[in-house]
Amino acid sequence: QVKLVESGGGSMQAGGSRRLSCAASGDTYSTIVMAWFRQAPGKEREGVACIDSDDRTIYADSVMGRFTISKDNAQNTVYLQINNLKPEDTAMYYCAAAPLWSCPLGVAQLEDGMDFWGKGTLVTISS
């Protein structure tokens, strides 16, 4: 089992920046792929970003250029740097992991491949 705990959420202003963190513990040796998702109120959960063992990444079109996913293997932590925050970024942000060889071609295929999920951290953006 892999336990994932997100942190870094809160209330913040549009235009600012924030880094979310996801700490992984447990059976992390087989966790090759890490990903971030988000779910806004009344909307379906959507894939945001993915990173594999070679630090190859993919992003949703809606966040490309503003969001950056990265990881620290030594600390088993994955990050999501969010720049130029927008009100539409308001959502519960979830971290997920899976023993995949690499990220899929697009974020639409991300969710079904994730084996482990965190409980989320809430990000609220005001204008």
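Below, the structure is looked at part by part. (Residues numbered from 1 in each chain as written. Predicted model: local features only at pLDDT ≥ 70, side-chain atom pairs only at ≥ 80, totals over all residues. Heavy atoms only, no water.)

1. Some details on unusual backbone geometry
Piece 1. The phi dihedral of D55 is positive, around 65°, even though this residue is not glycine.
Piece 2. Considering the arrangement of structural elements, one finds D55 in the loop between strand 5 (46-51) and strand 6 (57-59).
Piece 3. Its identity as a non-glycine residue notwithstanding, N76 has a phi of 50°, on the positive side.
Piece 4. Summarising the element assignment, N76 is placed in the loop between strand 7 (67-72) and strand 8 (77-82). (Helix = DSSP H or I, 4+ residues; strand = E, 2+ residues; numbered from the N terminus.)

2. Quick look at the pattern of salt bridges
Piece 1. Counted under the stated rule, the structure contains 7 salt bridges.
Piece 2. Between E46 and R38 there is a salt bridge, with the nearest N and O atoms lying 2.9 Å from each other.
Piece 3. For R56, the salt bridge is made with D52, and the minimal N-O distance between the two is 2.7 Å.
Piece 4. By relative accessible area, R56 is classed as partly exposed at 43%.
Piece 5. Overlapping salt bridges, with partners in common, bring together R38, E46, R66 and D89 in one network. (Salt bridge = Lys/Arg side-chain N within 4 Å of Asp/Glu carboxyl O. Buried < 20%, exposed > 50% of the residue type's maximum accessible area, 1.4 Å probe, protein only.)

3. Description of the packing of aromatic side chains
Piece 1. Within this structure, the stated rule accounts for 1 aromatic pair.
Piece 2. Ring plane angle 45° and centroid distance 4.6 Å describe the contact between F37 and W117, whose orientation is recorded as tilted. Taken as a pair, F37 in strand 4 (residues 33-39) and W117 in strand 10 (residues 116-117) lie far apart in primary sequence, 80 residues in all.
Piece 3. A cation over a ring is seen here: R19 above Y79, with NZ or CZ 4.0 Å from the ring centre.
Piece 4. Its end group placed over the ring of W117, R45 keeps NZ or CZ at 3.8 Å from the ring centre. (Phe/Tyr/Trp six-rings, centres within 6.5 Å; stacked < 30°, edge-to-face > 60°. Lys NZ or Arg CZ within 6 Å of the ring centre and 35° of its normal.)

4. A short note on the pairing of strand 3 (residues 18-26)
The side chains of a regular strand alternate between the sheet's two faces.
Piece 1. Relative to strand 3, strand 1 (residues 2-7) is paired through 6 bridges, and the arrangement is antiparallel. Note on strand 3: the bridge partner recorded for K3 is S25.
Piece 2. Where strand 3 lies against strand 8, 6 bridges are found, and the strand directions are antiparallel. If you follow R18 over to strand 8, its bridge partner there is I82. (Pairing = 2+ DSSP bridges.)

5. Some points on the side chain of D52
Piece 1. Here D52 is to be found in the loop between strand 5 and strand 6.
Piece 2. Here the side chain of D52 touches R56 through a polar contact of 2.7 Å, side chain to side chain. (Polar contact = N/O pair within 3.5 Å; in protein donor to acceptor, adjacent residues only side chain to side chain.)

6. Some points on the side chain of T121
Piece 1. Assignment of secondary structure puts T121 in strand 11 (residues 121-126).
Piece 2. A residue is classified by how much of its surface remains accessible, and T121, at 9% relative accessible area, is buried.
Piece 3. From its side chain, T121 meets the backbone nitrogen of G9 in a polar contact 3.0 Å long.

7. Some thoughts on the environment of N83
Piece 1. Tracing the backbone through its elements, the reader meets N83 in the loop between strand 8 and strand 9 (91-98).
Piece 2. On the basis of relative accessibility, which here comes to 31%, the residue N83 falls in the partly exposed class.
Piece 3. The sequence separation of N83 and D55 amounts to 28 residues, and the corresponding C-alpha distance is 20 Å.
Piece 4. The residues contacting N83, other than those within four sequence positions of it, are G16, S17 and R66.
Piece 5. Of note is the side chain of N83, whose polar atom sits 3.1 Å from the side chain of S17. (Contact = heavy atoms within 4.5 Å.)

These results come straight from atomic positions and should not be treated as a statement about function.
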